[in-house]
Amino acid sequence: MSGTPDELRGRLVAEARAWIGTPYLHRASCKGHGADCLGLVRGVWRAVLGDEPEALPAYTPDWAEATGAEQMLEAGMRHLRAVAIEAIRPGDVLLFRFRPGVPAKHVALLVTPERMVHAHDGAAVAEVFLAPWWRRRLAYAFAFPGA
C-alpha cells in the first residue's frame, strides 16, 4: 500500500464502486458473483490492502438477533480506526444499527459525503443516498488502516 491517505481513500471508493451490480449472496465476497454487506467490505479490503486480517467465522442471517453480541463493532475496533460520525469521509466504513437495543449489523462504504455503496438481501450491490433513514441508524464509523 503506497501513496497518501487521500489516494488510499480514492482507491477504496473506486473499488467499492467496482462491486456495484454484484448480486446479494449471504456470506459471499466475490465481485461480480455474490456478496453480502460484510463480503463487500472484505472484498474491498483484499483488493486495496491485501490479505484479510482474520478468518471469517460462520454466521447466519440472524446472527445478531440470536447472539446479541456486537461482533461487527468488535471487529471494526480490532482492524479499523474509529471515526466520529460527524467526521466521516469518502472511503470510510459505516456501521448501522437497525433498531435500538440490537447489535449493529449492517456495513457500507461511504463514497461521497452524501452517498454509500452497500449490499442488502434481495438486491444487488448499489450506490445509494445516505438518506435521513440511514443517517438515523448510523451507529459507528471507521477508517481503513492508512486512510
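Scroll up to find the structure.
These figures come from a predicted structure and were not determined experimentally.

Asker: So what exactly am I meant to see when it comes to helix H1 (residues 5-18) here?
Answerer: Given 3.6 residues per turn, any residue in an α-helix points the same way as the ones three and four places further on. The end-to-end C-alpha separation of H1 is 20 Å, in line with the 20 Å expected for 14 residues at 1.5 Å each. Turning to H1, its buried residues number three or more, namely Leu8, Arg9, Leu12, Val13, Glu15 and Ala16. What you see down the axis of H1 is that its buried residues fit within an arc of 165°, all on one side. On its buried side, H1 packs onto helix H2 (37-49), strand E3 (81-83), strand E5 (106-112), strand E6 (115-118) and strand E8 (138-143).

Asker: It is not clear to me how the side chain of arginine 97 should be interpreted in this structure. Could you clarify?
Answerer: You can see arginine 97 is positioned in the loop between strand E4 (93-96) and E5. A polar contact is formed between the side chain of arginine 97 and the backbone oxygen of valine 102, at a distance of 2.6 Å. When residues no more than four places from it in sequence are discounted, the contact partners of arginine 97 are Glu70, Val102, Pro103, Ala104, Arg137, Ala139 and Tyr140.

Asker: What is the right way to read the sheet that holds E3 from this model?
Answerer: Hydrogen bonding along the main chain pairs the strands of a sheet, whether they run parallel or antiparallel. Spatial strand order, E3-E8-E4-E5-E6-E7: six strands in an open sheet with antiparallel pairing. Both outer strands of the open sheet, E3 and strand E7 (126-129), are each paired with one neighbouring strand and no more. Looking at each pair of strands side by side, their axes are set apart by 40° on average, direction ignored. Where E5 meets E6, four bridges bridge the pair, whose relative direction is antiparallel. Paired with leucine 109 across the bridge in E6 is valine 117. Helix-sheet contacts for helix H4 (residues 71-79) involve E3, E4, E5 and E8, and the interaxial angle to E8 is about 25°.

Criteria and thresholds
Residues numbered from 1 in each chain as written. Predicted model: local features only at pLDDT ≥ 70, side-chain atom pairs only at ≥ 80, totals over all residues. Heavy atoms only, no water. Helix = DSSP H or I, 4+ residues; strand = E, 2+ residues; numbered from the N terminus. Expected span 1.5 Å × (residues − 1). Buried < 20%, exposed > 50% of the residue type's maximum accessible area, 1.4 Å probe, protein only. Arc of directions from axis to C-beta. Contact = heavy atoms within 4.5 Å. Polar contact = N/O pair within 3.5 Å; in protein donor to acceptor, adjacent residues only side chain to side chain. Pairing = 2+ DSSP bridges. Axes fitted to C-alpha atoms, helices over the stretch in contact; angles between N-to-C directions.

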